[in-house]
Amino acid sequence: MNRQIEVGVLGATGVVGQQFISRMARHPWFNVTWLAASERSEGKKYAQAAPWRLAAPMPENAAAMTVDACIPGRGPKVVFSALDASVAGEVEAAFAAAGHIVVSNARNYRMDALVPLLIPEINADHLKLLPEQRAARKWSGAIVTNPNCSTVVLAMALAPLRIFDIKTVVVTTMQAVSGAGYPGVPSLDILGNVVPYIGGEEDKLETETQKILGADGGRAPLEALVSAHTNRVPVIDGHTMTVSVQLASKPSIDEVNAALRQFSGRPQELNLPTAPAQPIVVKTEDNRPQPRLDADLGDGMTVSVGRVRPCPVFTHKFVALGHNTVRGAAGAAILNAELMAAEGLL
Ligand code: NAP
């Protein structure tokens, strides 16, 4: 690719919007030229409208931009969406109808049968839904989504194990507070504590995983049973999960580790700018992966797996970890857009 693609960000002032702007500040293909948010921010300079929450400084070109309203037709053809779910449904459809390619991080269209729920290493072929999506919805643009922040970690860890015929999955998450946005969970609820409930999260983990690992663009979901327990823990970044699986072909531990290590997909084949060289790293230490030590691996795009061992109830069990606001949010959507650009879909 030797041309720059202009992109916009819907919901640019929020936490995920900031991640988009920060991660694309020096992107070789994408140039952020348009920022939009609610009427609370419209007309203000981005530096005034966005309460910056990231450790990396606000990019200077973004700081000087004036925030626009989310009005279709105003921004460039390609827009990333970090909109609040209460408005994403209506706004994203209006943008797609007006010819924009919406690369969304919001939950609203993830389970829509005509919308790809994409993890480029796993189901790049689900982009084949786009012509049907356009025809059925009468959109000249399109919507593509990335999964929920915990789903992406589970799906990445399970994808290499499909060759062993996955029958049953039980997953228990320990999810970072940054996944709840800002200000998120009150400090008095989470400090020195575990909150064993995250609204809607268990259903998302179960259904999104089956769609992502399914066939025919996700319309034939993976047949395995998936049961999720989700917990919020006092960790800043990085969702950790313990997973027990029933693999019908009963592979050895070495075979499972080899499958995880060798896993690779279209982003690596195409050498996409933010694709990690190794999408899954298998940790060999007894006490890894850990969020503080491993969440940033591969600039936050690598999923770590460790402690693969026999399970006396199912066949195998292991620990998986990924960065929830990078691989689980903005980084995921940017990789989706890179894949679409490389495949000539932008
Ligand atoms: P956030 O900080 O609350 O930001 C929400 C954004 O939506 C802001 O830019 C806000 O603009 C804009 N917005 C709100 N109401 C609007 C309206 N009526 N019209 C136009 N824009 C409006 O939320 P977030 O944590 O960044 O999350 C954004 C999306 O990503 C959500 O759908 C969330 O579920 C999803 N997500 C978040 C995470 C995470 O780690 N936080 C992970 C995965 C997915 P103003 O500033 O002008 O109000």
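Look up: the structure comes first, before these words.
Computed from a predicted structure; not experimentally measured.

(A) Looking closely at unusual backbone geometry. Going from Tyr182 to Pro183, the amide bond is cis rather than trans, its omega being 0°. In this chain, Arg288 is followed by Pro289 through a cis amide linkage whose omega measures 5°. In this fold, Pro289 is placed in the loop between β10 (280-283) and α12 (291-294). Despite not being glycine, Lys138 shows a phi value in the positive range, around 60°. Relative to the helices and strands, Lys138 resides in the loop between α6 (129-137) and β6 (142-145). What makes Lys138 exposed here is its relative accessible area of 70%.

(B) Structural view of the site of the ligand. Taken together, 24 residues lie around the ligand, and Thr13, Val16, Ser38, Arg40 and Ser41 are the ones closest in. Within the side chain of Asn105, an N or O atom sits 3.0 Å from an oxygen atom of the ligand. Ser178 is positioned with one of its backbone polar atoms (N or O) 3.3 Å from an oxygen atom of the ligand. Calculation on the ligand without its partners gives an accessible area of 910 Å², and the protein chains cover 78% of this total.

(C) Representation of the nonpolar core. Ranked by size, the top nonpolar core spans 43 residues in total, and within it Phe20, Met24, Phe30, Leu35, Tyr46 and Phe80 carry the most contacts. Residue assignment for this core shows that the elements contributing at least two residues are β1 (5-10), α1 (15-23), β2 (30-37), α2 (46-49), β4 (78-81), β5 (101-104), β6 and α13 (326-342). Sort the elements by how many residues they give to this core and α13 lands first, with nine residues. Residue contributions to this core reach at least three from each of two domains, namely domain 1 (5-147 + 330-342) and domain 2 (149-323). Beyond its immediate chain neighbours, meaning those up to four positions away, Phe30 contacts Gln4, Ile5, Val7, Met24, Phe80, Ile334, Ala337, Glu338, Ala341 and Leu346. Core analysis: the second largest hydrophobic core is formed by 38 residues, Ala159, Ile212, Leu213 and Ala320 among them.

(D) Here's a closer look at the sheet that holds β10. On the basis of which strands lie adjacent, the open sheet formed by six strands has the order β8-β7-β9-β12-β11-β10 and mixed pairing. Each edge of the open sheet carries a strand with a single partner, namely β8 (225-229) and β10. For this sheet, the mean inter-axis angle between neighbouring strands, taken without regard to orientation, is 25°. Here seven bridges tie strand β9 (residues 239-247) to strand β12 (residues 316-322), and the two strands are oriented antiparallel to one another. Within β12, the position partnered with His239 by the bridge is Gly322. Along the sheet, helix α9 (residues 201-212) contacts β7 (166-174) and β8; its crossing angle with β8, the most-contacted strand, is approximately 150°. In this fold helix α10 (residues 253-262) packs onto β9, β10, β11 (303-310) and β12, with an angle of close to 170° to the strand it touches most, β11.

Conventions used here
- Residues numbered from 1 in each chain as written.
- Predicted model: local features only at pLDDT ≥ 70, side-chain atom pairs only at ≥ 80, totals over all residues.
- Heavy atoms only, no water.
- Helix = DSSP H or I, 4+ residues; strand = E, 2+ residues; numbered from the N terminus.
- Buried < 20%, exposed > 50% of the residue type's maximum accessible area, 1.4 Å probe, protein only.
- Near = heavy atom within 4 Å.
- Polar contact = N/O pair within 3.5 Å; in protein donor to acceptor, adjacent residues only side chain to side chain.
- Areas by Shrake-Rupley, 256 points an atom, 1.4 Å probe, with all protein chains shown as cover.
- Core = buried A, V, L, I, M, F, W, Y, C linked by side-chain atoms within 4.5 Å.
- Domains from an automatic or database assignment.
- Contact = heavy atoms within 4.5 Å.
- Pairing = 2+ DSSP bridges.
- Axes fitted to C-alpha atoms, helices over the stretch in contact; angles between N-to-C directions.

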